[in-house]
Amino acid sequence: MWRGDSGSKTKRRISLESLATKLKETAASQEGPAPGSPELADLLPPEVCSLLNPAAIYANNEISLRDVEVYGFDYDYTLAQYADALHPEIFSAARDILIEHYKYPEGIRKYDYNPSFAIRGLHYDIQKSLLMKIDAFHYVQLGTAYRGLQPVPDEEVIDLYGGTQHIPLYQMSGFYGKGPSIKQFMDIFSLPEMALLSCVVDHFLGHGLEFDQAHLYKDVTDAIRDVHVKGLMYQWIEQDMEKYILRGDETFAVLSRLVAHGKQLFLITNSPFSFVDKGMRHMVGPDWRQLFDVVIVQADKPSFFTDRRKPFRKLDEKGSLQWDRITRLEKGKIYRQGNLFDFLRLTEWRGPRVLYFGDHLYSDLADLMLRHGWRTGAIIPELEREIRIINTEQYMHSLTWQQALTGLLERMQTYQDAESRQVLAAWMKERQELRCITKALFNAQFGSIFRTFHNPTYFSRRLVRFSDLYMASLSCLLNYRVDFTFYPRRTPLQHEAPLWMDQLCTGCMKTPFLGDMAHIR
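The shown structure was predicted, so the numbers you read here are calculated from the model rather than taken from an experiment. (Residues numbered from 1 in each chain as written. Predicted model: local features only at pLDDT ≥ 70, side-chain atom pairs only at ≥ 80, totals over all residues. Heavy atoms only, no water.)

## Re the UniProt feature "active site" (unreviewed entry) in the protein chain
Turning to step 1, where the next piece is worked out: UniProt tags Asp74 and Asp76 as "active site" (unreviewed entry).
Turning to step 2, where the next piece is worked out: Assignment of secondary structure puts Asp74 in the loop between strand 3 (70-73) and strand 4 (81-82).
Turning to step 3, where the next piece is worked out: A polar contact of 2.9 Å, which involves the side chain of Asp74, links it to the side chain of Lys301.
Turning to step 4, where the next piece is worked out: With respect to the helices and strands, Asp76 occurs in the loop between strand 3 and strand 4.
Turning to step 5, where the next piece is worked out: In this structure Asp76 touches Tyr82, Phe189, Thr269, Ser271, Phe275 and Asp359, once residues within four positions along its chain are discounted. (UniProt positions renumbered as here; feature names shortened; annotations may be inferred. Helix = DSSP H or I, 4+ residues; strand = E, 2+ residues; numbered from the N terminus. Polar contact = N/O pair within 3.5 Å; in protein donor to acceptor, adjacent residues only side chain to side chain. Contact = heavy atoms within 4.5 Å.)

## What about the packing of aromatic side chains?
Turning to step 1, where the next piece is worked out: Enumeration over the complete set of coordinates arrives at 32 aromatic pairs.
Turning to step 2, where the next piece is worked out: Look at Phe117 and Tyr146: their rings are 5.8 Å apart centre to centre, the planes differ by 90 degrees, and that puts the pair in the edge-to-face class. Highlighted residues: Phe117 in the loop between helix 3 (86-100) and strand 5 (123-125) and Tyr146 in strand 7 (residues 140-147), separated in sequence by 29 residues. Neither Phe117 nor Tyr146 differs from the other in exposure class; each is buried. (Phe/Tyr/Trp six-rings, centres within 6.5 Å; stacked < 30°, edge-to-face > 60°. Buried < 20%, exposed > 50% of the residue type's maximum accessible area, 1.4 Å probe, protein only.)

## Looking at the pairing of strand 3
Turning to step 1, where the next piece is worked out: Of the two faces of strand 3, the one lined by Val70 and Gly72 and the one lined by Tyr71 and Phe73 are each fully buried.
Turning to step 2, where the next piece is worked out: Relative to strand 11 (residues 264-268), strand 3 runs parallel, the two being bridged by 4 bridges. When the bridges of strand 11 are listed, Gly72 appears paired with Phe266.
Turning to step 3, where the next piece is worked out: Direction of pairing for strand 3 relative to strand 15 (residues 354-358): parallel, over a ladder of 4 bridges. Of the residues in strand 15, the one forming a bridge with Phe73 is Phe357. (Pairing = 2+ DSSP bridges.)

## Examining the sheet that holds strand 5
Note on sheets: strands pair through backbone hydrogen bonds, and any given pair is parallel or antiparallel.
Turning to step 1, where the next piece is worked out: Sheet architecture is open: 5 strands sit in the order 8-7-6-5-9, paired in antiparallel fashion. Each edge of the sheet is formed by a strand with only one pairing partner; in this case those strands are strand 8 (150-151) and strand 9 (182-184).
Turning to step 2, where the next piece is worked out: When strand 6 (residues 130-134) meets strand 7, the two strands line up antiparallel, connected through 3 bridges. Residue pairing across strands places Met132 opposite Ala145, the latter belonging to strand 7.

## Comments concerning the nonpolar core
Turning to step 1, where the next piece is worked out: Counting residues in hydrophobic clusters, the biggest one holds 137 residues, and the most contacted among them are Phe292 and Phe343.
Turning to step 2, where the next piece is worked out: Examining the composition of this core, we find that 9 residues originate from one element, helix 5 (residues 190-206), more than from any other.
Turning to step 3, where the next piece is worked out: In contact with Phe343, other than residues within four places in its own chain, are Phe266, Val294, Ile296, Phe304, Phe312, Leu329, Glu348, Trp349 and Trp374. (Core = buried A, V, L, I, M, F, W, Y, C linked by side-chain atoms within 4.5 Å.)

## Side note on the UniProt feature "binding site: Mg(2+)" (unreviewed entry) in the protein chain
Turning to step 1, where the next piece is worked out: Mapped onto the present numbering, the UniProt feature "binding site: Mg(2+)" (unreviewed entry) falls at Asp74 and Asp359. Across 286 residues, the annotated set stays spatially compact, with a maximum C-alpha separation of 7.7 Å.
Turning to step 2, where the next piece is worked out: Apart from residues no more than four positions distant in its own chain, Asp74 is found in contact with Leu79, Leu267, Ile268, Thr269, Lys301, Tyr356, Phe357, Gly358, Asp359 and Asp364.

## Overview of the side chain of Asp483
Turning to step 1, where the next piece is worked out: Topologically, Asp483 is positioned in the loop between strand 17 (469-471) and strand 18 (485-486).
Turning to step 2, where the next piece is worked out: A distance of 3.3 Å separates the side chain of Asp483 from the side chain of Arg66, its partner in a polar contact.
Turning to step 3, where the next piece is worked out: A polar atom in the side chain of Asp483 sits 2.9 Å from the side chain of Arg481.
Turning to step 4, where the next piece is worked out: Residues contacting Asp483, with those up to four places away along its chain left out, are Ser64, Leu65 and Arg66.

## Quick notes on the pairing of strand 14 (residues 334-337)
Turning to step 1, where the next piece is worked out: The pairing of strand 12 (residues 294-297) with strand 14 spans 3 bridges and is parallel. Within the sheet, the bridge partner assigned to Val295 lies in strand 14 and is Ile334.
Turning to step 2, where the next piece is worked out: With 4 bridges connecting them, strand 13 (residues 312-315) and strand 14 associate as antiparallel partners. Each residue of the ladder has a partner; that of Arg313, found in strand 14, is Arg336.

## Re the environment of His207
Turning to step 1, where the next piece is worked out: Inspection of the secondary structure puts His207 in the loop between helix 5 and helix 6 (213-229).
Turning to step 2, where the next piece is worked out: Remark: the alpha-carbon pair of His207 and Gly107, spanning 100 residues in sequence, is separated by 9.7 Å.

## Regarding the packing of helix 3 against helix 7 (residues 232-239)
Turning to step 1, where the next piece is worked out: The geometry of helix 3 relative to helix 7 is characterised by a closest axis approach of 10 Å and an angle of 145 degrees between their N-to-C directions. Helix 3 and helix 7 meet at a crossing whose hand is right-handed. Residues Leu86, Glu89, Ile90 and Ala93 of helix 3 form the contact with helix 7, whose own contacting residues are Leu232, Met233, Trp236 and Ile237.
Turning to step 2, where the next piece is worked out: Residue composition of the contact of helix 3 with helix 7, by class: 7 nonpolar, no polar and 1 charged. (Axes fitted to C-alpha atoms, helices over the stretch in contact; angles between N-to-C directions. Left-handed = near helix turned anticlockwise from the far one by under 90°. Nonpolar A, V, L, I, M, F, W, Y, C, P; charged D, E, K, R; others polar.)

## What about the environment of Tyr458?
Turning to step 1, where the next piece is worked out: You can see Tyr458 is positioned in helix 16 (residues 458-466).
Turning to step 2, where the next piece is worked out: The exposure class assigned to Tyr458 is buried, which follows from its relative accessible area of 2%.
Turning to step 3, where the next piece is worked out: Separated by 337 residues in sequence, Tyr458 and Gly121 place their C-alpha atoms 7.4 Å apart.
Turning to step 4, where the next piece is worked out: Within the local environment of Tyr458, its side chain forms a polar contact with the side chain of Arg462, the two groups lying 2.9 Å apart.

Given below as structure tokens:
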């Protein structure tokens, strides 16, 4: 083990000392000092280990808020942050719909929602009933594939995909996360859906019941959809807003601050007006509409951004549709459906002076960034918890020693004598153990939503591609001036290796400017 085991530390020190001479030879051509027997504390340069701030905003692209004149928002999980207590309600209601309306076995009712099972961003192979985590290069992270509630052995996963961990592009999820046979779960509402899907598959497999994978998948997704379409979720939230809506006062503070600095605001949401109105009254007050220059409900994103055919419809104070043709979008009024092209024509809000916030990378942000040049901000509630884990001593020590082992493995693989091979095998085993420990810090089944063992996840790849900024909640804006400029840190590419931690930790690269350059990390 990597800590708390004096015997393992002694063995590691002996192993390192046994290869000290060879490691000195490896480092001789470098200007840095040769490693001896490093203690873990020595491998953790203080200049590069400053704690991350969970309330910070992180930039993928340089953006100055001084240039932003118009702010747009989604509603669910953006303006309104929901408590995790909502997920078991969705799970239980959809489970009961499956039993009572789709005639699924009564035994499914024994399953309860497990909040620690799945994470956002996973892929589901419909024909194989396989829930799995895929990295930015389309490779399945071994050890993160589940059929039902049971892990699938690595050998079986590789065999299922023709002897490889790689998922071909044509099978992967498309632009909006839906491929021909593989679906990516991208929004927070999908957590109870993944849990229910896994529980139903688990029941069928556990009882030896034959089933069609495509039918089961569709029935579960339809049952989850029914929870939303029938308004059950809206009813739960409206009946107890104090329980389900979080950070309402902070949302009010963000909106008020932007308006006070002369910014224009708009809201585009798929939720119905009555639900949005009650939530905004709870968070902001009865005059909430006066903060927004344009309010659009039931927008039907993402087709709102691509389909020119749907016109805007005005709603009266009771939420009833009006029939008059829309020639301008008025402040204080409510509009339904419509499309982005008419929105741009009527408002003339174009390009990088517009910043839109949403939680769904595909439905909220992708089209706006790639097709229309808006600035985008992703709301990632999981970020707060993940940063707190990253800040722990256990995580930092584990990651640092992993990087050190990786560097040692790469440099010492040229030595093929019996003693060296034995040490290398021990290091490889320890590295894999550390990877599993680090993964379990985030989630026992699937690990972090942002990384596989070493690569970014497919979710991270999309996050970087579709958002200029990302943060845990909208309230993070309160920590910055309205003219603040966000500068993304220069992260090292592979050919910029001297800045990588494993080279620093194994002492094979001298970087006298490290202290001066610590701020670039």
